[in-house]
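Residue-level listing of the chains:
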Amino acid sequence: MPSAPFKKILIANRGEIAVRIISACKELGIQTVAVYSEADRYSSHVRFADQAICIGPAKSARSYLDQPSIISAAEITNVDAIHPGYGFLSENPGFAEVCETSEIKFIGPKPAVIRLMGVKEQARAFMRQMGVPVLPGSTGVLGSPEEALETAECIGYPVILKASAGGGGRGMRVVNRPDELAGLFAQAQSEAGSAFSSPDLYLEKYIAAPRHIEFQVLGDEHQGVEILGERECSIQRRHQKLLEESPSLAVSDAQRAEIGAALRRALAAAGYSNAGTVEFLMDEDGKLYFIEVNARVQVEHPVTEFVTGIDIVKSQIRIAQGERLEEILPGPVTLRGHAIECRINAENPDTFVPSPGRITGFHAPGGIGVRVDTWAYTDCVVPPYYDSLLAKLITYGNDRGEAIRRMQRALSMFIVEGIYTSIPLHQRILADPDFQAGKFDTNFVKRFMPAGK
Ligand code: MV4
């Protein structure tokens with residue numbers, strides 16, 4: 001049953017995460033195949049991989065999302081496995097199935113598990129049954145606006161309607177009063193129907209000023225599960241995270257242990273194998289409630305790597321080779337020190353308008369406790385077709401204060417010329433007394449927006 005070690009992996013992604021996955025493969029002695037669109041011919045992942053294949057035009061739908069092109073590239077190069085990174089095909093159960101049929105290992109959970117976690121209402125029901133705290137709300141999909149009204153009366157307003165096939169903040173409606181419900185239900189249903197595969201809705205108690213906290217997990221193919229602490233991801237704007245840290249100042253040791261134990265049971269029962277993230281909202285009383293699972297590696301995984309000393313991407317690959325967590329991990333998981341990540345985006349720091357173009361000068365900081373994950377270099381071109389993430393700057397310190405000061409000095413030594421970046425916004429956030437005191441929720445970044453938006 002445990003498959004042989006991989007000789008060659010295809011990376012079905014681009015940008016910094018493709019480079020990150022190539023790094024892990026190099027350290028494991030695994031050959032790599034990059035795929036790229038016509039817009040990415042001169043991208044770093046193409047240069048660093050052992051082989052590279054152009055899979056189509058710039059538009060993602062015709063390249064990084066084009067399953068036949070990617071499978072063909074995998075077959076031509078005779079790879080053993082495909083690493084999907086994040087975004088694109090990473091949580092597509094159909095693609096995971098196609099890989100299986102083509103006898104290529106998909107580095108991720110089994111298709112049925114991806115599917116369960118992708119149907120948000122089912123993931124919520126599963127977690128509730130397993131004793132993980134979930135928000136008061138509907139049981140199963142809402143059959144009608146009348147049923148929604150009954151449930152809302154039961155739990156009290158405000159409530160939030162969510163698309164079962166949604167996630168990441170799309171297709172949600174906050175309902176403050178009973179008379180608004182029918183109208184918002186119809187809106188949410190039609191939006192969900194056209195944006196996602198299904199119009200199914202469910203309902204939860206609405207938390208107006210939550211913290212967004214997520215637990216990093218690793219599951220192997222033998223029911224082994226480990227919890228790698230949590231990340232604080234409340235510093236975001238319009239569901240785009242800007243800064244993440246680990247651990248969260250708001251999570252107590254007792255809470256971490258309690259949620260961790262429940263998640264170990266739940267994910268082992270689900271047969272979860274791969275790296276994954278379990279998202280929670282923390283209410284004003286400091287209680288944590290499950291909201292959804294991300295069945296992939298995440299952008300912000302390096303903060304967890306710093307505080308645990310565990311290489312999450314290498315772990316993903318070794319899990320997919322059939323190895324057990326006991327073999328992969330150096331010992332019991334412990335958290336030490338504090339790590340912060342700033343997402344350096346190619347965008348105007350005041351308006352958030354994307355800023356593609358040529359980078360005419362580039363210098364990344366280094367030194368103790370500093371890590372830069374990037375695909376950028378002097379004279380590279382940031383294409384307008386994809387997300388604007390240029391680099392991730394991650395700092396580690398013995399405590400949060402040291403990690404913050406290290407981030408401030410590293411930002412001051414980060415040079416990107418020729419385009420706008422979010423660096424000045426990060427500097428304003430880090431200098432904010434409330435940020436420094438750890439007093440913030442998901443509304444924090446609004447104070448830096450011109451019209452408070
Ligand atoms: C919520 C919520 C308040 N109450 N659910 C947005 C992303 C998606 N994963 C879940 N989201 C939210 N769900 C209840 N019951 C507020 C949000 C939310 C949010 C969550 C995490 C990080 C940033 C956010 C920004 C606005 C709304």
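Residues numbered from 1 in each chain as written. Predicted model: local features only at pLDDT ≥ 70, side-chain atom pairs only at ≥ 80, totals over all residues. Heavy atoms only, no water.

Topic: unusual backbone geometry
In this structure, the amide linkage connecting Tyr157 to the following residue, Pro158, adopts the cis form with an omega of -5°. Locating Pro158 in the fold gives a position in the loop between helix H7 (145-155) and strand S6 (159-163). That bond from Ser246 to Pro247 is cis: its omega, -5°, falls within 30 degrees of zero. Within the secondary structure, Pro247 is located in the loop between strand S11 (240-246) and helix H9 (253-270). Positive phi, normally seen in glycine, also occurs at Glu103, with a value near 60°. Inspection of the secondary structure puts Glu103 in the loop between helix H4 (93-101) and strand S5 (105-106). Notably, Arg238 is not glycine yet its phi reads approximately 45°, a positive angle. Locating Arg238 in the fold gives a position in the loop between strand S10 (225-237) and S11. (Helix = DSSP H or I, 4+ residues; strand = E, 2+ residues; numbered from the N terminus.)

Digging into the sheet that holds strand S2 (residues 31-37)
Overall, parallel pairing links the 5 strands, which are arranged S3-S2-S1-S4-S5 in an open sheet. Each edge of the open sheet is held by one strand with a lone partner, namely strand S3 (51-56) and S5. Strands strand S1 (8-11), S2 and strand S4 (81-83) of the sheet are contacted by helix H1 (residues 15-28), whose axis makes an angle of about 175° with S1. (Pairing = 2+ DSSP bridges. Contact = heavy atoms within 4.5 Å. Axes fitted to C-alpha atoms, helices over the stretch in contact; angles between N-to-C directions.)

A closer look at the packing of H1 against helix H11 (residues 312-320)
Two measures define how a pair of helices packs: the angle their axes make with one another and the distance between the axes. One can describe the packing of H1 onto H11 by two numbers: an axis separation of 9 Å at closest approach and a directional angle of 65°. Where H1 crosses over H11, the two elements pack in a sense that is right-handed. Together, Arg20, Ile21, Ala24, Cys25, Glu27 and Leu28 of H1 and Ile312, Val313, Lys314, Ile317 and Arg318 of H11 make up the contact between the two elements. Looking at the contact of H1 with H11 residue by residue, the classes come out as 7 nonpolar, no polar and 4 charged. (Left-handed = near helix turned anticlockwise from the far one by under 90°. Nonpolar A, V, L, I, M, F, W, Y, C, P; charged D, E, K, R; others polar.)

Re the packing of aromatic side chains
One pass over the full model with this rule turns up 11 aromatic pairs. Between Tyr64 and Tyr386, the aromatic rings sit 5.7 Å apart at their centres with planes inclined by 80°, giving edge-to-face as the arrangement. Of this pair, Tyr64 sits in the loop between S3 and helix H3 (67-77) while Tyr386 sits in the loop between strand S18 (381-382) and strand S19 (389-397); the two residues are 322 residues apart in sequence, bridging distant segments of the chain. Classification of Tyr386 by relative accessible area gives buried; the value is 12%. Among the aromatic residues, those joined into a ring-pair cluster are Tyr64, Phe88, Tyr385 and Tyr386. The ring of Trp375 has Arg14 sitting right over it, with the charged end atom 5.9 Å from the ring centre. The ring centre of Phe352 lies 4.0 Å from the NZ or CZ of Arg237, which sits over that ring. (Phe/Tyr/Trp six-rings, centres within 6.5 Å; stacked < 30°, edge-to-face > 60°. Buried < 20%, exposed > 50% of the residue type's maximum accessible area, 1.4 Å probe, protein only. Lys NZ or Arg CZ within 6 Å of the ring centre and 35° of its normal.)

Remarks on the sheet that holds strand S17 (residues 370-374)
Adjacent strands of a sheet form backbone hydrogen bonds with each other and so pair up, either parallel or antiparallel. Pairing within the open sheet is antiparallel, and its 8 strands lie in the order S13-S12-S9-S10-S11-S14-S19-S17. Each edge of the sheet is formed by a strand with only one pairing partner; in this case those strands are strand S13 (288-294) and S17. Averaged over all adjacent pairs, the angle separating strand axes in this sheet is 25°, with direction ignored. Here S11 runs beside strand S14 (residues 338-345); their pairing, made up of 4 bridges, is antiparallel. In the strand pairing of S14, Ser246 is matched with Ala339. In the packing of helix H10 (residues 301-308) onto the sheet, contacts are made with strand S9 (211-219), S10, S11, S14, S17 and S19, and the angle to S19 comes to roughly 20°. Here H11 sits on the sheet in contact with S9, S10 and strand S12 (274-282), set at roughly 40° to S9.

Examining the domain arrangement of the protein chain
Taken as a whole, the protein chain is organised into domain 1 (8-107), domain 2 (136-205) and domain 3 (211-448). When each unit is reduced to the centre of its C-alpha atoms, the spacing between domain 2 and domain 3 is 30 Å. (Domains from an automatic or database assignment.)

A look at helix H14 (residues 423-431)
Among the residues of H14, those classed as buried are Ile423, Leu425, His426, Ile429 and Leu430. Looking straight down H14, one finds its buried side chains confined to an arc of 155°; they lie on one side. Buried residues along H14 sit against S10, S11, S14, helix H13 (400-412), strand S20 (415-417) and helix H15 (433-437). (Arc of directions from axis to C-beta.)

Overview of the pairing of S11
A large share of S11 lies buried, amounting to 6 of its 7 residues. Bridge analysis of S10 against S11 gives 4 bridges, and the strand direction is antiparallel. The residue bridging Gln236 from the neighbouring strand is Lys241, located in S11. Between S10 and S11, which pair antiparallel one after the other, the connecting turn spans 2 residues, and Arg238 there sits at a positive phi close to 45°.

Quick notes on the site of the ligand
Surrounding the ligand, one finds 18 residues, the nearest of these being Lys162, Glu204, Lys205, Ile207 and Glu292. In this structure, a nitrogen atom belonging to the ligand sits 3.0 Å away from a side-chain N or O atom of Glu204. One of the side-chain nitrogen or oxygen atoms of Glu292 is found 3.1 Å away from a nitrogen atom of the ligand. When isolated, the ligand has an accessible area of 520 Å², and the protein chains bury 89% of it. Put simply, the parts of the chain that give the shell around the ligand at least two residues each are S6, strand S8 (201-205), S12 and S13. Looking at side-chain class alone, the shell around the ligand contains 7 nonpolar, 6 polar and 5 charged residues. (Near = heavy atom within 4 Å. Polar contact = N/O pair within 3.5 Å; in protein donor to acceptor, adjacent residues only side chain to side chain. Areas by Shrake-Rupley, 256 points an atom, 1.4 Å probe, with all protein chains shown as cover.)

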